[in-house]
Amino acid sequence: MSDNIQAVRVLSKTTWTPNLFSFTVTRPTSFKFTAGQFVRLGVNPSRLKYHLSQDEQVLVQVPDEDIFRAYSIVSSPFDEVLEFFSIVIADGAFTSQLQHLQVGDGLLLNTMPFGFLTLARYQQPLPKDLWLLATGTGLAPFLSMLQDLQTWQDYEHIVLAYSARTADELAYVDKINQLQDDFGSLVDNPARLIFVPIVTRESVDGALGARLPKLLLEGSLQQQAGIALEIDSTHVMVCGNPEMVDDTKEALKTLGLVMNRRGEGNIAVENYW
């Protein structure tokens, strides 16, 4: 086993919908990361409790190999445990197995963090308004940032726009609604968090109902947030499925914002698979 690979143990699991779940694992004492980064997690399906409880005929068909995939970290860089948010892809070699996780199961963690969807990338413009635009499990890195006190200190306004197909798929809403009290209250003059839920396939009171690019171009998202997108004061991060990321990036560029390169610019993006 590589020096970067460490064994971790599942501590808890939360099922949001049949296709969405979260789980926490132990955190190696030496592991450090920056809010917004991702790691590679590994699972050996043949060692999961779920499969070990099946008869031998079933177990023979289960892969006996370590399968790794990238996962953004939900938890704060200062938490004692690591939390992850996952979608179940029916024919996916990884998530189709990971959905069977039980408390006590063992996973593998590559302790080398990756990714540049971090607030440190912004040098210009200076921080004022932070927009976090997410679909589905792309919410994960933004939750990590919102549990870092530095985020609350550096900005005046934080807009979290979180889009899902149905209301049931809007995970972590209770946690989001507590973030201002739990973290903003710990710093002087904290940012004001504005949460904008979006549900695209059913009508939900209090939620916008169209895709993020459309909401941006027609101004509905800015109106709901009560803040304009200003090229000289806005940082925008986008994370989720590739089609949404591409379309949202183009919408933001149409509105006059520019990609962040070498520390300068408004827009930073990450495809979440």
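Bear in mind the structure is a predicted one, so any value in this text is a computation, not a measurement.

Here's the deal with the nonpolar core
Within the largest apolar cluster, 35 residues are counted, with the highest numbers of intra-cluster contacts made by Leu132, Phe142 and Met237. Broken down by secondary-structure element, the contributors of at least two residues to this core are β7 (129–135), α4 (140–145), β8 (157–164), α6 (173–182), β9 (192–199) and β10 (234–240). The residues contacting Phe142, other than those within four sequence positions of it, are Leu117, Leu132, Leu133, Ala134, Leu160, Met237, Val238 and Cys239. Membership of the second largest hydrophobic core comes to 24 residues, among which are Leu215, Leu216, Ala225 and Ile267.

A few points about the pattern of salt bridges
If you walk through the whole model with that rule in mind, you get six salt bridges. With a closest N to O distance of 3.6 Å, Lys128 and Asp129 form a salt bridge. Ionic pairing is found between Glu218 and Lys214, a salt bridge with its closest N-O pair at 2.9 Å. Linking Glu218 with Lys214, this pair stays in helix α7 (residues 212–218), spanning four residues, or about one helical turn. Given the relative accessible area of 44%, Glu218 is considered partly exposed. Judged by relative accessible area, which is 49%, Lys214 ranks as partly exposed.

Considerations on helix α9 (residues 242–254)
Compared with the 18 Å implied by 1.5 Å per residue over 13 residues, the 18 Å span of α9 between its first and last C-alpha is a close match. Every buried residue of α9 is accounted for by Met244, Val245, Thr248, Lys249, Ala251 and Leu252. Across the axial projection of α9, the buried residues extend over an arc of 165 degrees, all falling on one side. Residues of α9 that are exposed and point over 90 degrees away from its buried face: Glu243 and Thr254. The inward-facing, buried residues of α9 abut β7, α7, β10 and β11 (267–271). The positive-phi residue at the C-terminal boundary of α9 is Gly256, with phi of around 105 degrees.

Reading the values: the criteria
- Residues numbered from 1 in each chain as written.
- Predicted model: local features only at pLDDT ≥ 70, side-chain atom pairs only at ≥ 80, totals over all residues.
- Heavy atoms only, no water.
- Core = buried A, V, L, I, M, F, W, Y, C linked by side-chain atoms within 4.5 Å.
- Buried < 20%, exposed > 50% of the residue type's maximum accessible area, 1.4 Å probe, protein only.
- Helix = DSSP H or I, 4+ residues; strand = E, 2+ residues; numbered from the N terminus.
- Contact = heavy atoms within 4.5 Å.
- Salt bridge = Lys/Arg side-chain N within 4 Å of Asp/Glu carboxyl O.
- Expected span 1.5 Å × (residues − 1).
- Arc of directions from axis to C-beta.

The values reported here are purely geometric and, on their own, carry no functional implication.
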